[in-house]
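So you can see what is in the structure, the chains are spelled out below.
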Amino acid sequence: MSLNAQNNVIFNSTFNSFSKTFGKLQQSAERLASGLKAPTAAMGSGSNAVADRLKVKIDGTKTFVSAMQNAKGYLDSQEATLNSSKSLISRMQELAYAATDPLKSTSDRSVLNQEFRALEDEIRSYDSLKYNGISVFDTGSITVKLGIETADTAVIATLDYASLTFAAMSVDSAANAATAVTTLSTRAVSLNAMLATVGGNSRLIQNNIDLSKTLSSSYKNAESSIRNIDIAQEVAEFTSAQL
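Residues numbered from 1 in each chain as written. Predicted model: local features only at pLDDT ≥ 70, side-chain atom pairs only at ≥ 80, totals over all residues. Heavy atoms only, no water.

(A) Just the packing of aromatic side chains, in detail. For the structure on display, the rule yields two aromatic pairs. Ring geometry for Tyr74 and Tyr131: centres 6.0 Å apart, planes at 80°, overall edge-to-face. Of this pair, Tyr74 sits in helix H2 (residues 45-99) while Tyr131 sits in strand E1 (residues 130-131), and the two are 57 residues apart along the sequence. Between Phe137 and Tyr161, the ring centres sit 4.5 Å apart and the planes meet at 20°, which makes this aromatic pair stacked. Of the two residues, Phe137 sits in the loop between strand E2 (134-135) and strand E3 (142-145) while Tyr161 sits in the loop between strand E4 (153-156) and helix H4 (174-227), which places them 24 residues apart along the sequence. For the pair formed by Phe137 and Tyr161, the shared burial category is buried. (Phe/Tyr/Trp six-rings, centres within 6.5 Å; stacked < 30°, edge-to-face > 60°. Helix = DSSP H or I, 4+ residues; strand = E, 2+ residues; numbered from the N terminus. Buried < 20%, exposed > 50% of the residue type's maximum accessible area, 1.4 Å probe, protein only.)

Structure, rendered in structure tokens:
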């Protein structure tokens, strides 16, 4: 009596079970070889599409962070220049106060005035400084987008650095020195206002850089969780499928 495998219930059941087990074993082997949960579209096109969208966000965030870091560098250049100007103005104030001393001779004031004018020239030279080819104290404004998940922008406005120059000011006489003291005090107030503006812009940019980096890290973790296998779990499933 011959047996027909097609009509053999036990054979069919065993073969179906073997086929399913072999299929799982084959998929598990593919996942282990690639490191991906869905190495082929048939194994998870939907999850791959979600992971791809997250990858786009990761790359986009990287671009925005780079742009914001560049803006932060621009602001750091402004701040460094203004702080240097602050030190120079402080020294000019010392010279101006010294020149008001009624016991200073004309020769003494001449020496003081020489340094005073040299410091003025140095301050004036800062107005032409550039950052990556762009004036540190540009005549326009720079708009920076604050990340991929927001439409908000930061506008880095013009700083009127020219208002800190001291044309025709000197300390070659007690009267001129007294005028210089008053003018320098006004300039110092303007300088501090500029530093406050730069500091506010810098904090805003840095906070959004930090936020974007945190978001990027979250995107990377989510993408990895969707796209990549858990090695320990996959090895356990692969081993189980062989038993």
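(B) Up close: the pattern of salt bridges. Using the criterion set out here, one finds eight salt bridges in the structure. For Lys55, the salt bridge is made with Asp59, and the minimal N-O distance between the two is 3.0 Å. Of this pair, Lys55 and Asp59 both sit in helix H2, four residues apart, which is roughly one turn of the helix. Residue classification places Lys55 among the partly exposed positions, given a relative accessible area of 35%. For Asp59, a relative accessible area of 37% corresponds to the partly exposed category. Notably, a salt bridge pairs Lys104 with Asp101, separated by 3.3 Å at the nearest N-O pair. A network of salt bridges, in which partner residues are shared, links Arg117, Glu120, Asp121 and Arg124. (Salt bridge = Lys/Arg side-chain N within 4 Å of Asp/Glu carboxyl O.)

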